[in-house]
Amino acid sequence: MKFEFSTDTATIAFFDPMLLQHKLNEPADWWTRPSVLLKEMNANNLIVAGLGQDGFYRIEIVLMNETLSVYSFQAYLNCVSGRIYVGPGEDISGGELEPDESLGGRFIEVPSGLYIIRAQREDKQIIISLSQLNNSNFKNDFTDELVL
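Cut-offs used in this document
Counting from 1, residues in each chain are numbered in the order their sequence is written. The predicted origin of the model limits local features to residues at a pLDDT of at least 70 and limits the giving and counting of side-chain atom pairs to 80 or more, whereas totals for whole chains, interfaces and linings rest on all residues. With hydrogens and water excluded, all non-hydrogen atoms of the structure serve as input to the side-chain values. Strands are runs of DSSP state E lasting at least 2 residues, helices are runs of H or I lasting at least 4, and numbering of each runs from the N terminus. When we talk radius of gyration, it's over C-alpha atoms, and the globule rule is simply 2.2 Å times the number of residues to the 0.38. Note on exposure labels: buried denotes an accessible area under 20% of the residue type's maximum, exposed denotes more than 50%, and partly exposed covers the range between, all computed with a 1.4 Å probe on protein chains only. Pairs of residues are marked as contacts when any of their non-hydrogen atoms sit within 4.5 Å. Residue exposure ignores everything except the shown protein chains as possible cover, and the areas themselves are Shrake-Rupley values with a 1.4 Å probe. Two strands are said to pair when DSSP picks up at least two bridges between them. Fitted lines through C-alpha atoms give the axes, limited to the stretch in contact for helices. The angle between two N-to-C directions lies from 0 to 180 degrees. Residue types Ala, Val, Leu, Ile, Met, Phe, Trp, Tyr and Cys, when buried and joined through side-chain atoms within 4.5 Å, form a set referred to as a nonpolar core.

What's the story with the overall build of the chain in this structure? I'm lost.
Looking only at helices and strands, the chain features one helix and 10 strands. Ordering the α and β elements of the chain from the N terminus gives β-β-α-β-β-β-β-β-β-β-β. The C-alpha radius of gyration of the chain comes to 14 Å, within 12% of the 15 Å expected for a compact globule of 148 residues. Viewed in the frame of its principal axes, the chain has a C-alpha envelope of about 35 × 35 × 30 Å. Across the 148 residues of the chain, 51% fall into the buried class. Pairs at least 24 residues apart make up 79% of the contacts formed inside the chain by residues separated by at least 6 positions. As displayed, the chain offers around 7300 Å² of accessible surface, 47% of which is attributable to carbon and sulfur atoms.

In this structure, what is going on with the sheet that holds strand β10 (residues 146-147)? I would like to understand it.
Hydrogen bonds along the backbone pair up the strands of a sheet, which may run parallel or antiparallel. Strands sit in the order β7-β6-β2-β3-β10 across an open sheet of five strands; the sheet is mixed. The open sheet has two edge strands, β7 (106-109) and β10, and neither has a second partner. As defined by bridge partners, strand β6 (residues 83-88) adjoins β7 across four bridges and the pair is classed as antiparallel. In the strand pairing of β7, Val86 is matched with Arg106. On top of the sheet, helix α1 (residues 34-42) reaches β3 (46-50) and β10; it is set at about 130° to β3, its chief contact.

Explain the sheet that holds strand β5 (residues 73-79) to me, please; I cannot follow it from the model alone.
The strand order across the open sheet built from five strands is β1-β4-β9-β8-β5, with neighbouring strands paired in mixed fashion. Two strands in the sheet have a free side with no partner beyond their single neighbour: β1 (2-7) and β5. Taking the axes of each pair of neighbouring strands and ignoring which way they run, one obtains an average angle of 30° across the sheet. For strand β4 (residues 55-63) and strand β9 (residues 125-133), the ladder comprises six bridges, and the chain directions are parallel. Bridge pairing in β9 places Glu60 opposite Ile127.

Just checking my understanding: could you explain unusual backbone geometry for this structure?
What is expected of a backbone is that most residues other than glycine have negative phi and most peptide bonds are trans. A positive phi angle, near 65°, is found at Glu96, a position not held by glycine. Position of Glu96 relative to the elements: it lies in the loop between β6 and β7.

Which parts of the structure should I look at to understand the nonpolar core?
One broad trend across soluble globular proteins is that nonpolar side chains are buried collectively. In terms of nonpolar packing, the biggest core is built from 41 residues, with Ile12 and Ile128 touching the most fellow members. In contact with Ile128, not counting residues within four places along its chain, are Ile12, Phe14, Ile59, Glu60, Ile61, Val62, Val86, Ile117, Arg118 and Ala119.

Right, dumping it as structure tokens:
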């Protein structure tokens, strides 16, 4: 799957909207507070990576067993609804809004479960590997925000 999105927060986000329902009534920028963001990332509910600059990015999603051998980061992500959203950080659930595809982000239909996400970037091109894991015991242990 290939697509483009635009960001005004210089971020890319990955999440199952069902796992962020508890944030819908929070301010729209709740995830910009590092301690709150890290809590959700370490619960495998959300992955946010800084991109360094606003603008348009080309995304390529490689599903299942086609993993990247070289990557900038890897993280675990839970999915209970069968849908993972990949797009700009400003689409993260909050402020009584849920993500849509108006900024170019996309919903990816996948089986429920735990996923390992790996990403690599070259300028405005981002390649993302998304693979389901058989073992659901893996947890993120981030102490700082991700940068891609």
